[in-house]
Structure formats: structure tokens, C-alpha cells
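Letter by letter, the chains look like this.
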Amino acid sequence: MLRKILLPTIFLILGYGFWHSAEFKTVTAGVAIFLFGMLSLEEGFKTFTGGTLEKILKASTNSIWKSLTFGVVTTSIMQSSSLVSVITISFLSAGLLELASAIGIIFGANLGTTTGAWLVAGFGLKVNLSTYAMPMLVFGIILVFQQAKNLKGAGYVLAGLGFLFLGIHYMKEGFDSVSQTIDLAEYAMTGYPGVFVFAGIGILATVVMQSSHATLVLILAALAAQQVSYENALALAIGSNVGTTITAIIGALGSGVEGKRLAVAHLIFNLTTGLIAILGIYQLIAVVSWISAHLGIAADNYTLQLAVFHTVFNLIGIFVMLPLLNQLVIFLRKLMPEQQREVEQPIYLNSASMGMADVAVEAVRKESVRLYDLAVEVITDGLSIQRDVFQSGVKVKSVIKKSSDVIDEDIDDLYERKLKALYGAIVEFIIHTRSGYTQGRLREELNRIRQAGQDIIEAVKGVKHLRKNLTRFMQSDNADIKREYDKLRRLVIRVLRKIETLRTQNDAGLSDSIMSLDRLKLEIEERTEKISNGLDELIRKDRIDVQMATSLMNDISYCREICWDLIEAGSVLFSKSDLDEKAAMRTIALDEHEIMDILETPERESAQ
Amino acid sequence: MKVKRLLDKLKAILSAERQAQLAKYSSLKKVLKALRVEKARLKKELAESQDENERQEIATRLKVISVQRKKGLTVLKELKKEKRG
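Residues numbered from 1 in each chain as written. Chains lettered and ligands numbered in written order. Predicted model: local features only at pLDDT ≥ 70, side-chain atom pairs only at ≥ 80, totals over all residues.

1. Overview of the overall build of chain A
A tally of regular secondary structure across chain A gives 29 helices and zero strands. Each of the 608 residues in chain A was classed as buried or not, and the buried ones make up 48%. Across chain A, contacts joining residues at least 24 apart in sequence account for 80% of those joining residues at least 6 apart. (Helix = DSSP H or I, 4+ residues; strand = E, 2+ residues; numbered from the N terminus. Buried ≥ 20, exposed ≤ 12 C-beta atoms within 10 Å, placed from the backbone. Contact = placed C-beta atoms within 7 Å.)

Right, here's the structure in full:
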């Protein structure tokens, strides 16, 4: 209901304002241009998030101080705490960042926004920015039309800055004109009622514009034109700081529980900071005057003093909240615990990760690795392999020896509960994400991961088929058929072990890269062929009957497919190389026919 | 004429497709070089090894690498042609 009437109400108010006052039109147009500039700037920086920013983020967030610095620096450069928040949420949701580090970044981003106030107060309001805006817009738009990703991104950044400058110019012009006709400062309120009312207005303005930066520039422009009192401007700045959390909350709605925890942490930080600033506003004003005097800021330069105030109260917030960071993380985990579900659901996939190409690919990969791990559980249960023995690292022969009893599990039920929904969610995420990308290699990588998921599911389905006869023959008195089925189980374990080696290698040389899986493919072919060839003799010697032989023949085929599917999935999910190198390795990797050719080629010829 | 050629060159440098093609080419070259090094290492190992099982295993790995390299070199040749064209 509120949503339905909010937009028409805003339109009516704006319409009335435009009709009534030309100055109002100029100021609001300035805000609109400024916000458009922010959008353009964010769009520009987003094009650079396909690698560079992620690499910096990964490398510079392994300690709280580093996270804090990252937040300050990136927000200062990009002039958008919202973009930093969104990137942080997507990284956190994709499991690429710890909650404590993410909170550190958000704290830092709050401090980083204060640089905006410094720039506008110290430079933006004193210089005719529109002179710089025009060429920026022209060059920016030319670059936006370029095909190369980086040039396009640079174009958006340049155009964004141009629009920001133009927006500030119009806001300044508007307030200058207002001051010649009416005096808004007449509506100034003193004392705590004034602080609370104007803080409320600051919150409201930021919620509507969804940008504390825009609110702050508006406040500074109004303050420079003496349309708002210094005290009320400070209250507005406090309000804008609290109101900005709405962006983080909206961003976290589509994310997982970690994203929601971060949004609440952001809210707690900004509310605490705001409350401290409101309660101690008069003491803070004294501190700001003292600092300003030491920095050589004139006593009547209220815009720069506002920037000092903004920095001081955010710094106080950090000093108060940082020592409580661990307690905050514990509190948030208690407040929003992970949900235990009967049916497996994705934990890394959410709409927050969709917006950034590399993050989305990494989130899908991580979720698919989860799918693989769950599939290995189903496969080992399906083949009646004791998981603890399998994972202990003992020889493959011993694993089979110690796994002589049938594991009584409903594999269909396990498949339904553990894999089906998760696989469905992965496919759905890939479809939605892929449609947003025109970038070839990331799109290709998403396709490959999707295929890897399909291979995992096919492997499990193969196990479901294989299990029927396996369970029967494991309990049989016929030692020969039992032994043949053990050979099949052994083969699957070898494949799983090899994939595990590939996965755990930190610095994969060629001998442990996906190239080495071709040797394993050859081994599968050799071994399954050997089992098939041995069948005739077993029948001839009356060791197994014909029914057993036909069952075994079918199951050899299933086993072979299971192994190939697992290898294909493993080669996509566990390769340590970068995307281009992985693609090159896959180009060279041998397919079924090429492996068969090696098998059939005499040794001397192919080893040349 | 010179300006047109210069512009064509600039266009080629800025083209995203061209960048991707170059990245593909250099990655493939890198992998092929690694395979060549691995092949030389295995050959040396084969010459030094006395154990029959080990020799057989090394020979099989050599077989696989040879086919992989052959396949890779064919792709590289095609990419080189595209690169020139």
C-alpha cells in the first residue's frame, strides 16, 4: 500500500515544486544529474570488477586492519559506499570473504565516504565545476560507445564524474538563487528537538535518494548558500549516515544469511555512530572547532567544518565498534543462525553474486564443488564403500577389503534430498546469470560448470544402476563374481582419489594438472577392457553363469561412464589454472575416441 | 592510406575479440611448452629407469603427452592462421 502511494506522492510534490519555484527545479535537477552520475560511475567500476577488484579484495582482506583500509581506500576512489557494500555482500555470499573482514570493509567504507565531503567542501563548492564537467561528458560518452570492455568502463567513469560535477554545479546554482528570494534558514531549529528533526530529515532524504553522498552534497550546497544552519546541517549529516544503511539492507535482501548478517552489522554500526553523534553533538562541535583551528580552517568556513565533523564522528564509531568486532560477529551468528534443512539448498548462490561476473562464476563453482562432495557421499554409500576408510588414505585394495558389507541406504532418497534441488538451483542460477553476460570466456566457463554438474548427476545415476547388481553379488556365495565387482569398485575409488589429488594440489605442475587426467582415462579403458576380456574365460570355466555375465557386462559399461563423468566434472571444478589456461588445457585434453586410438596404436608409433 | 592502416591497427588492438584470441594463443603456447618440458623429463626418466613396471608406466604417459601435443600443435597452427588473417 505504502509503496503504491509513495511514488505518486513524490511525483506530486516534485510537480508542485517545479510549478512553484524555478530554484527548486534547478536544485532537484542537480540532485537527479548527480544520482545519474553515481549510477554511471558504479557501472564503470563494475566493468573493472571482472578480475582486478576481486584480486585486490582477496589479497587485502586477510586482517581486520587491511579490510578497514580496503574499505576506506576503495570508497574514497569510487566515491560510492553503496558499490563497496554490494561488492562486499556478493563476496561474502559467495564464500570468498569472512564475516569479520566484510564488517571491517563496511566500517572502512563509512570512513571513506567522508572523503566525498572533503572534496566537495574543499574543492567542489569553490570552483566552477561545470567547466570540467563538459569535456568529461564528451570524452566519456565517446568511450562508452567503444567495444573494448576497459575503454567502455573508463567511459562510464569519466561520464559519471562529469555528471557528478554537473549535478553539484546545479545544486550550488539552485541554492544561490534560493538565497536571493527566500531564506530557508528561517526554519532552523535549535537544541535537541532541532537535532532530532533534522537527523530524521537526513534519514528520509537518504532513503529516498538511496545515496548518502548525494544527501551530503545537498547539505553542503545548502550550507554554503546559508540556507541551513550549521547545527542543523550537522544533524542532517548524521541522519544521512544512518539512512545509507537502507542500500545495504536492500542489497542483502536477495543474499544469503551472511549477507543479511552484514547488513545488520552495518545498521548497528551506523545507528551506534549516529546515536553517539546526536547525544554528544555539542561536545563534538567543540572538538571540531578545535581540530579546524589546528588545520587552519577558518571559523566561518562551515562546509569544511562539516567535513571535519563527518570524519570525526565516523572515526569515533570505528574506535567504539572495532574492539567489539568479535562479539558482534558472535551476536550476529546467534541472531541469524544457519538453517538446517531436510533438502540441501545452495549456500553460495544468491542474487547479490549475479551482478559481478567473476564472483558469479566463483559462486557457481563453489556450489558445484559442494554438489560434487555430496555426490561423492552418495556414490560411496551406493557402492557400499566405508567413507571413513576411503578418506583415511589407505591403499585402494584395503578400502575394498574393509568395505565388504552392504551399506543399507536408500540411494534414491539420498539423491532427492541431497542433490536434485541443489543441482536445480545451480542450473537456474547459471541461466539467469549467463543471460546478463556478453563476455565470452565467463559465459563459456559457466557453461562448462553447468556441464560438470550434469556429469556429477549422471555419475550418481550410474551408481544407482550399478548398485542393484552390486548389492546382490556382494552378498553372493560366488567369490568370482564378487571379485569382478570389487574391481569395478576399485576403479571408481581410484578415480575419486586422483580427483582428490588434483583438488588438493596447491601449485599444480603439469603432472598434477587436468592434463594428467588423460592418463587416468586411458587406465579406465585398459582396466574395463581387461575385465570384459576376462568374462569369456569365467563363463568357459563355469565360474559364473550367463546371467551374471550379462549383468557384469552392463555394469562395466555403467562403471566406465561413472568414471568418465567424474573425471570430466573434476577437470572443470578442481583446476588451479586461470580461465585462459584452463581453456587451453581443455582444448588439448583427449576425448574418448583419441583415448581409444592410443589403446589401439602400437607402442612404438605413438610414443614418438 | 597510412591513416587507414593505422586506424585498422588501432581497431585490432582495441577489439575485445582480438584480445581474447591473443590470450587463447598465448595460453595454448604456454601449455604446449609445459608439455614439451614434461615429455623431455619423462624421456630422461625412461632412459634411467630399470624397473619394468615403471618403464611401462612412463612409456604410457609419454604416449598420452605425445598425442596431447600433436593435438595442441594442430590447434595452435589454426590459431596462428586466424591471428595473421
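2. Brief notes about the overall build of chain B
Scanning chain B from terminus to terminus reveals three helices and zero strands. Written out in order from the N terminus, the α and β elements of chain B read α-α-α. A separation threshold of at least 6 residues defines the contact pool for chain B, and within that pool the share at least 24 residues apart is 62%.

3. Comments concerning the nonpolar core
Residues and elements named next belong to chain A. The biggest cluster of nonpolar side chains holds 183 residues, and the ones touching the most others in it are Leu220, Leu306, Ala375 and Val492. Three or more residues apiece are contributed to this core by two domains, here domain 1 (20–181 + 192–335) and domain 2 (353–606). When sequence neighbours within four positions are dropped, the list of residues in contact with Ala375 reads Leu419, Ile456, Ala459 and Val460. (Core = buried A, V, L, I, M, F, W, Y, C linked by C-beta atoms within 7 Å. Domains from an automatic or database assignment.)

4. Topic: the confidence of the model for chain A
All names here are of chain A. Residues at a pLDDT of 70 or more form 90% of chain A, whose mean pLDDT is 83. At the low end of the mean pLDDT range in chain A sits helix H29 (residues 603–606), at 48; at the high end sits helix H26 (residues 546–573), at 92. Confidence drops under pLDDT 50 across residues 604–608; counting only partners more than four residues distant or on other chains, this segment forms ten contacts. (pLDDT = per-residue confidence, 0-100.)

5. Examining the interface of chain A and chain B
In this assembly, 27 residues from chain A lie in contact with 25 residues from chain B. Where the side of chain A that touches chain B is concerned, the elements lending two or more residues are helix H9 (149–181), helix H23 (440–474), helix H25 (517–540), helix H27 (579–588), helix H28 (592–600) and H29 of chain A. For the side of chain A that touches chain B, the element with the most residues is H27(A), which contributes seven residues. When the residues that make up the side of chain A that touches chain B are grouped by side-chain class, the tally is twelve nonpolar, seven polar and eight charged. (Nonpolar A, V, L, I, M, F, W, Y, C, P; charged D, E, K, R; others polar.)

6. A few points about helix H11 (residues 212–224) of chain A
Residues and elements named next belong to chain A. With 13 residues, H11 should cover 18 Å at 1.5 Å per step; its first-to-last C-alpha distance of 18 Å lies within 8% of that length. Within H11, 13 of the 13 residues are buried, which leaves the element mostly enclosed by the surrounding structure. At the C-terminal side of H11, Gln226 shows a positive phi close to 55°. (Expected span 1.5 Å × (residues − 1).)

7. Some points on the packing of H25(A) against H28(A)
Residue and element names in this part refer to chain A. H28 packs onto H25 with a crossing angle of 60° between their chain directions and a minimal axis gap of 10 Å. One way to sum up the angle between H25 and H28 is to call them oblique. Pair H25 / H28 crosses with right-handed handedness. On H28, the residues touching Lys521, Leu522, Glu525 and Glu526 of H25 are Ile595, Met596, Ile598 and Leu599. (Axes fitted to C-alpha atoms, helices over the stretch in contact; angles between N-to-C directions. Parallel < 35°, antiparallel > 145°, perpendicular 65-115°, else oblique. Left-handed = near helix turned anticlockwise from the far one by under 90°.)

8. Quick look at the confidence of the model for chain B
When pLDDT is low, close inspection of the predicted coordinates is not appropriate. This prediction gives chain B a mean pLDDT of 83; 84% of its residues lie at or above 70. The spread of mean pLDDT over the elements of chain B runs between helix H1 (residues 2–14) of chain B, the lowest at 67, and helix H3 (residues 52–84) of chain B, the highest at 88.

9. Some details on the packing of helix H5 (residues 81–93) of chain A against helix H14 (residues 257–279) of chain A
Residue and element names in this part refer to chain A. The N-to-C vectors of H5 and H14 enclose an angle of 140°; their axes lie 8 Å apart at closest approach. The crossing of H5 and H14 is right-handed. Here Ser85, Thr88, Ile89, Leu92 and Ser93 of H5 lie close against H14, whose contacting residues are Glu258, Gly259, Leu262 and His266.

10. Points about the environment of Ile598(A)
Residue and element names in this part refer to chain A. With respect to the helices, strands and loops of the structure, Ile598 is situated in helix H28. By C-beta crowding, Ile598 is classed as buried, having 21 other C-beta atoms within 10 Å. Placed 76 residues apart in sequence, Ile598 and Leu522 show a C-alpha to C-alpha distance of 8.1 Å.

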